[in-house]
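Breakdown of the fold
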Amino acid sequence: SASAASASAAPARQRKPAWLKVEGATGENYERLRGTVRNLGLATVCEEARCPNIGECWGGKAAKGDASNEAHTATATIMIMGDTCTRGCRF
């Protein structure tokens, strides 16, 4: 019956809120830090974990919702005991 078919249908997916979406990793600070990490042969947690927030950290951008307009420092988390992250982040 039609009512049985509609009851078993998957619910409609809702769109994610705008504050949850992350812009792509770009910008002068990001490119400079990425180049430095590559040139020095460093391994980062950011890349190993495929962190979706890498553009904010490496680019020195304010996090979504931060309206302070303050300058932010570009940061990267360097792994000093190898190139494999074992944190198990669920990105």
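Residues numbered from 1 in each chain as written. Predicted model: local features only at pLDDT ≥ 70, side-chain atom pairs only at ≥ 80, totals over all residues. Heavy atoms only, no water.

**Quick notes on the overall build of the protein chain**
Stated formally: Helix and strand assignments come from DSSP, with helices taken as H or I runs of at least 4 residues and strands as E runs of at least 2, each series counted from the N terminus. The classification of residues rests on relative accessible area computed with a 1.4 Å probe and restricted to protein chains. Under 20% of the type maximum is buried, over 50% is exposed, and intermediate values are partly exposed. In what follows, residue pairs with any heavy atoms lying within 4.5 Å of each other are defined as contacts.
Counting secondary structure elements, the protein chain contains four helices and two strands. In sequence order, the secondary structure elements of the protein chain are arranged as α-α-β-α-α-β. Within the protein chain, buried positions represent 18% of all 91 residues. For the protein chain, long-range pairs separated by at least 24 residues make up 62% of all intrachain contacts whose partners lie at least 6 apart in sequence.

**Focus on the packing of aromatic side chains**
Selection rule: Note on aromatic pairs: the rings of Phe, Tyr and Trp (six-membered ring only in Trp) are paired at centre separations within 6.5 Å, and the planes decide the class, stacked below 30 degrees, edge-to-face beyond 60, tilted for the rest.
According to the stated counting rule, one finds one aromatic pair in the structure shown. Geometrically, the ring pair formed by Y30 and W58 is tilted, given 5.7 Å between the ring centres and 35° between the ring planes. Placement of Y30 in helix α2 (residues 28-39) and of W58 in helix α4 (residues 54-59) is noted, with a sequence separation of 28 residues between them. Across the pair, W58 and Y30 agree in class, each one buried.

**Some details on the layout of surface pockets**
Our working rule: Cavities and pockets are found on a 1 Å grid laid over the protein atoms alone: a cavity is a set of points where a 1.4 Å probe fits but cannot escape, a pocket is an open set with protein on both sides within 12 Å along at least five of seven lines, and a lining residue has an atom within 4 Å of such a point. Grid points are joined across faces, edges and corners, and a volume is the space filled by probe spheres set on the points. All amino acids are sorted into three groups, where Ala, Val, Leu, Ile, Met, Phe, Trp, Tyr, Cys and Pro are nonpolar, Asp, Glu, Lys and Arg are charged, and the leftover types, Gly among them, are polar.
Of the pockets and cavities examined, the largest pocket occupies roughly 150 Å³. Forming the walls of the largest pocket are 13 residues, and the residues nearest its centre are V45, C46, C51, T77 and R87. Elements with a minimum of two residues in the lining of the largest pocket: α3 (45-48) and α4. Among the residues forming the lining of the largest pocket, the class breakdown is nine nonpolar, three polar and one charged.

Without other data, these values stay purely geometric and don't point to any function.
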